[in-house]
Amino acid sequence: MKVSREQVALNRERIVETAARLFREKGYDGIGVADLMKNAGLTHGGFYGHFASKEDLLAEATAHALKRSVERWRGYVEQDADTALDKIGAGYLSAKHRDGPANGCSVTSLGADIARLGPKARHALTEGAGAQMAVLEQLMPGADDADKRRQAVAAYAAMVGAIVLSRAVDDEALSLEILQAVQASLPPR
């Protein structure tokens, strides 16, 4: 039985959504194609009809997850630019984000994996991280665009590092202290 174009597109979307979640939860090497497809409710035989490789899927899943994050951050800016940085920081630098990598930032969950992979996955992460930094740049105080850019890059790097480090330490109090310290270091609007 032939699958309609609409169903093919829906299947691909389901694969990408599932992969975005599972790659963030388990890491690139922590899940295979067969298990990804099973979790998407499809057979693994159809995978290569959608993607040339697992790494190609990682690139698309990373782009997808980061695009959603950027859209959420932009929504905060559109709602109220004066409170957007606080909302972004409070959500990003939270115990919930720390404890839920499957639904968290692809950069914190997959950055080390992607750094070892090819250009497609690295480009997807670069584009997504760049878009997140661009949102932060709009929210930074500063005398000029260069100063705002510098602050946005520094804040983003601190936020990403805080999540990575807070996940890695085995001391809950220290983990929370890391998150709170970076939250407090974000510039006031």
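Residues numbered from 1 in each chain as written. Predicted model: local features only at pLDDT ≥ 70, side-chain atom pairs only at ≥ 80, totals over all residues. Heavy atoms only, no water.

This paragraph deals with the UniProt feature "DNA-binding region" (unreviewed entry) in the chain. As recorded in UniProt, the feature "DNA-binding region" (unreviewed entry) lies at residues 32-51. Secondary structure content for residues 32-51 is 55% helix and 0% strand, and the end C-alpha separation is 14 Å. (UniProt positions renumbered as here; feature names shortened; annotations may be inferred. Helix = DSSP H or I, 4+ residues; strand = E, 2+ residues; numbered from the N terminus.)

Now for the packing of helix H4 (residues 54-79) against helix H7 (residues 106-115). Closest axis-to-axis distance for the H4/H7 pair is 11 Å, and the angle between their directions is 155°. One finds that H4 runs roughly antiparallel with respect to H7. Two packed elements cross with a definite hand, and for H4 against H7 that hand is left-handed. Contacts between H4 and H7 involve Leu58, Thr62, Ala65 and Leu66 on the former and, on the latter, Ser106, Val107, Leu110 and Ile114. The class makeup of the residues in the contact of H4 with H7 is six nonpolar, two polar and no charged. (Axes fitted to C-alpha atoms, helices over the stretch in contact; angles between N-to-C directions. Parallel < 35°, antiparallel > 145°, perpendicular 65-115°, else oblique. Left-handed = near helix turned anticlockwise from the far one by under 90°. Contact = heavy atoms within 4.5 Å. Nonpolar A, V, L, I, M, F, W, Y, C, P; charged D, E, K, R; others polar.)

This part takes up helix H8 (residues 119-139). Its 21 residues give H8 an end-to-end C-alpha distance of 30 Å, which sits within 8% of 30 Å, the value for a rise of 1.5 Å per residue. Buried within H8 we find Ala121, Ala124, Leu125, Gly128, Ala129, Gln132, Met133, Val135, Leu136 and Leu139. Summarising the axial view, the buried residues of H8 lie within an arc of 160°, below the 170-degree limit, and thus occupy one face. Looking at H8, the residues exposed on the side facing more than 90 degrees away from the buried face are Pro119 and Lys120. Considering only its buried residues, H8 is in contact with H4, helix H5 (81-92), H7 and helix H9 (145-168). (Expected span 1.5 Å × (residues − 1). Buried < 20%, exposed > 50% of the residue type's maximum accessible area, 1.4 Å probe, protein only. Arc of directions from axis to C-beta.)

Turning next to H9. Helix length check: H9 (24 residues) gives 34 Å between terminal C-alpha atoms against 34 Å at 1.5 Å per residue, within 8%. Of all the positions in H9, only Gln151, Ala152, Ala155, Tyr156, Met159, Val160, Ala162, Ile163 and Ser166 are classed as buried. Residues of H9 that are buried in the fold lie against H4, H5, helix H6 (95-99), H7, H8 and helix H10 (172-185). Backbone nitrogen of alanine 146 and a side-chain oxygen of the N-cap are separated by 3.2 Å at the start of H9; the cap is aspartate 144. (Polar contact = N/O pair within 3.5 Å; in protein donor to acceptor, adjacent residues only side chain to side chain.)

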